[in-house]
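Take a look at the letters that make up each chain.
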Amino acid sequence: MAALSPRSRGVLWAVLWGLLGATVALLVVVLARTYSVRPPASAPTIWARKGERHIDPAFSPQERRELKEALKGAIRLQTVSFAPDDQNTTALAEFGPYIRKVFPAVFSASFIQHEVIGEYSHLFTVQGSDPQLQPYMLIAHIDVVPASPPGWDIDDPFSAEERDGFIYGRGTLDNKNSVMGILHALEFLLRRNYRPRRSFYIGLGHDEEVGGQKGAVKIAAELESRGVQLSYLLDEGSFILEGVITGIKKPAAIIAVTEKGAVTTHLSVTSVPGHSSAPPKRTSIGILSEALSRLELHPMPSLFGEGPESMMFEELAPEFSFPLNIIMANLWLFAPLLSRFLEQTPTTNALVRTTTAITLFHAGVKSNVIPPSANATVNFRIHPAQTVDEVLEIVDKTINDKRVKIEVESAFDPLPVSPWDDQTFGLQVFRKTIQDVFPDVGSVAPGICIGNTDSRHFGSLTNAIYRFNPVVFKPDDMPRFHGLNEKISVESFEKQVGFLFQLIQNSDIDQPPEPHANFHEL
Ligand SMILES: N[C@@H](Cc1ccccc1)C(=O)O
Ligand SMILES: CCCCCC(=O)O
Ligand SMILES: [Zn+2]
Ligand SMILES: [Zn+2]
């Protein structure tokens, strides 16, 4: 220091003080955002409804047996979708008579209209006593993805076998639990002479797993032709996460306010067939395999923090203990650090970037014939901060091989982000109902549905589209989706029905009182 000229010493002191000032300022901002982050808006304590008695979701032992057996019967109907034009239509056709038999009150109520749409989908219109109240909609899907016995703990994925308190079967989580849960909640309310004030629709699509073009699309078009506008729509797509988000102790209800986009590409390479005894330097299989490997080895760029995923972590910040709470409340600063951690597992990596999944590969005709062609399908689920066009441009640049033909089978951009503020009616109802049925849930936060759902077809009927099933979801549940040992505990299913039983009643109030107001019993 002494060796420096007075002028240099002055500059150095200025720099040091400047750095200190900047550090202090940064610290103030970081701590202010952490500790001033609004605690998760808790639902109103007791939700008063004008002049109506509230019916508690207390189901008799007989009713609990009944709802369990009804779900099992639905699982046993193998309503499998293989492709848009390849479904088990026999089972789909049986589903209508089945629910008519299981839900007599729903099908006989004078104020409920049932319609079959697109041959195998179902639309119920439940006419409320107060036509002034804007209707809402609950949707779910009847169809399931295929399942075969190898790898399952039970003999038959469609047996609905009950074991250790769980009902096993394809569709127990995705999504017959919601189909049967919605109808059973309504059935139990009707048996208690309940008539809703606010009208609502129930839409049960029969081809969600293959895009929904014949079910949900037609239901939405029919309601649009009737001029229907919805106060909110609730579909599958997210859960009550327990032990899934590292660093959070209490269960967190994540309500997906958007869903990723998707693009399904078909890659192909053609070449001249010939005798395998005199092979060319490269075959179509080798060329395509190399292109696919490039896609897998060069994941899409991290966009973490540029979409609504940051809302989720900021809303959850108070649930984290120090120092994670500081990181979550300051993603503007720590997003790169957090994304490195999140990309370690498939489910959270799906929040960080557009995902790349090579799902089909067909090539070759015989072991001694040079393959005339090689074909592959790659399924991308697009991060909310990216578009179909941007993804396709990156795919083209990554493959960088004119011998590989790239075709788009289907594509749609990420969905709009639904409202998430204290004034949003649906959100108020969800918070209240979650508090009613899952009092140990520590927070309710917005999220992204990493898969795609039928709800994306209803954007012309409302902008308040939410994806959430009130089922506690643990780390070992994700692989069950479209995978092995799909199962739901009897307790979880009963609570799902209880949630829907409450949701219908809680949706009956006029408009939620100002948020954070004190609510009181009647
Ligand atoms: N829900 C399924 C099927 C689906 C695919 C693409 C669009 C819509 C639905 C999925 O997310 O994979
Ligand atoms: C939880 C994500 C659900 C995606 C929609 C489906 O696979 O039916
Ligand atoms: Zn599915
Ligand atoms: Zn589903």
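The structure displayed is predicted, hence computed values, not measured ones.

(A) Highlighting the layout of surface pockets. Size it by volume and the second largest pocket reaches roughly 390 Å³. Around the second largest pocket, the lining is made up of 18 residues, and of these Val-472, Lys-474, Ser-489, Glu-491 and Ser-492 lie nearest the centre. Elements that contribute at least two residues to the lining of the second largest pocket include exactly strand S21 (487-489) and helix H14 (490-506). Partitioned by chemical class, the residues of the lining of the second largest pocket number 7 nonpolar, 2 polar and 9 charged.

(B) Looking closely at the nonpolar core. Ranked by size, the top nonpolar core spans 96 residues in total, and within it Met-180 and Tyr-232 carry the most contacts. Considering each element in turn, this core owes the most residues, 9 residues, to helix H5 (residues 176-191). If we ignore the near neighbours within four places in the chain, the residues touching Met-180 are Ala-70, Leu-71, Ala-74, Phe-95, Tyr-98, Ile-99, Phe-103 and Phe-493. By size, the runner-up hydrophobic cluster in this structure holds 19 residues, among which are Leu-292, Ala-374, Ala-376 and Ile-382.

(C) Looking closely at the sheet that holds strand S6 (residues 162-163). Overall, antiparallel pairing links the 3 strands, which are arranged S6-S7-S21 in an open sheet. The strands lining the two open edges of the sheet, one partner per strand, are S6 and S21. Across 2 bridges, S6 lies against strand S7 (residues 166-168) in antiparallel orientation. Its bridge partner being in S7, Arg-163 is matched across the sheet by Phe-166. Strand contacts of H14: S6, S7 and S21, with the helix running at about 75° to S21, the strand carrying the most contacts.

(D) Examining the site of ligand 2 more closely. Close to ligand 2 lie His-141, Asp-174, Glu-208, Glu-209, Glu-236, Asn-452, Phe-481 and His-482, which account for all nearby residues. Asp-174 has a polar side-chain atom sitting 3.0 Å from an oxygen atom of ligand 2. At 3.0 Å, a side-chain N or O of Glu-209 approaches an oxygen atom of ligand 2. Here ligand 2 has 280 Å² of accessible area as a free molecule, and 89% of this is covered by the chains.

(E) Representation of empty space enclosed by the protein within the structure. A complete count under the given rule lists 3 cavities of 30 Å³ or more for this structure. What the largest cavity holds in volume is close to 70 Å³. In terms of lining residues, the largest cavity is bounded by Leu-138, Ile-139, Ser-178, Ile-182, Leu-234, Asp-235, Glu-236, Phe-468, Asn-469, Pro-470, Gln-496 and Leu-500. Those elements that provide at least two residues to the lining of the largest cavity are strand S5 (136-141), H5, strand S9 (233-235) and H14.

(F) Spatial organisation of the UniProt feature "binding site: Zn(2+) 1" (unreviewed entry) in the protein chain. When the UniProt feature table is mapped to this numbering, "binding site: Zn(2+) 1" (unreviewed entry) covers Asp-174, Glu-209 and His-482. Annotated residues spanning 309 residues; largest pairwise C-alpha distance 10.0 Å, indicating a single compact cluster. Mapped onto the elements, Asp-174 comes out in the loop between S7 and H5. Residue classification places Asp-174 among the buried positions, given a relative accessible area of 4%.

(G) Main features of the coordination of the zinc ion (ligand 4). Taken together, His-141 (NE2), Asp-174 (OD), Glu-236 (OE) and Glu-236 (OE) make up the full set of protein donors to the zinc ion (ligand 4), lying 1.9 to 2.4 Å away. Spacing between the donor residues of the zinc ion (ligand 4) along their common chain follows H-x32-D-x61-E.

Thresholds, definitions, all that
Counting restarts for each chain, with residues numbered from 1 along the sequence as it is written. Chains and ligands are labelled by the order in which they are written, letters from A for the one and numbers from 1 for the other. Predicted model: local features are reported for residues with pLDDT of at least 70 only, side-chain atom pairs are reported and counted for 80 or more only, and whole-chain, interface and lining totals are derived from all residues. Each side-chain value is worked out from all heavy atoms of the structure, with water and hydrogens disregarded. Computed over the protein atoms alone on a 1 Å grid, cavities are sets of points where a 1.4 Å probe fits but cannot get out and pockets are open sets with protein on both sides within 12 Å along at least five of seven lines; a residue lines them when it has an atom within 4 Å of a point. Grid points are joined across faces, edges and corners, and a volume is the space filled by probe spheres set on the points. Strands are runs of DSSP state E lasting at least two residues, helices are runs of H or I lasting at least four, and both sets are numbered from the N terminus onward. We call Asp, Glu, Lys and Arg charged. Ala, Val, Leu, Ile, Met, Phe, Trp, Tyr, Cys and Pro are nonpolar, and the rest, Gly among them, are polar. Nonpolar cores were defined as sets of buried Ala, Val, Leu, Ile, Met, Phe, Trp, Tyr and Cys residues, with membership established by side-chain atoms within 4.5 Å. A simple rule labels every residue: compare its accessible area, found with a 1.4 Å probe on the protein chains alone, to the largest value its type can have, and call it buried under 20%, exposed over 50%, or partly exposed in between. Residue contacts follow a heavy-atom distance rule, with two residues in contact if any of their heavy atoms lie within 4.5 Å. Two strands qualify as a pair provided DSSP detects at least 2 bridges between them. Lines fitted to C-alpha atoms define the axes here, with helix axes fitted over just the stretch in contact, and angles between the N-to-C directions of these axes take values from 0 to 180 degrees. For each residue, the test is whether any non-hydrogen atom lies within 4 Å of the molecule or strand; if one does, the residue is near. Think of a polar contact as two N or O atoms within 3.5 Å of one another; within protein, one of them needs to be a possible hydrogen donor and the other a possible acceptor, and neighboring residues in sequence only count if both atoms come from side chains. Computed with the Shrake-Rupley method and a 1.4 Å probe, the accessible areas treat only the protein chains shown as cover for residues. UniProt positions are given in the numbering used here, feature names are shortened, and annotations may be inferred rather than shown by experiment. For Na, K and Ca the donor cutoff is 3.2 Å, while for all other metals N, O and S atoms count as donors only within 2.8 Å; water does not appear among the atoms, so some sites may look incomplete.

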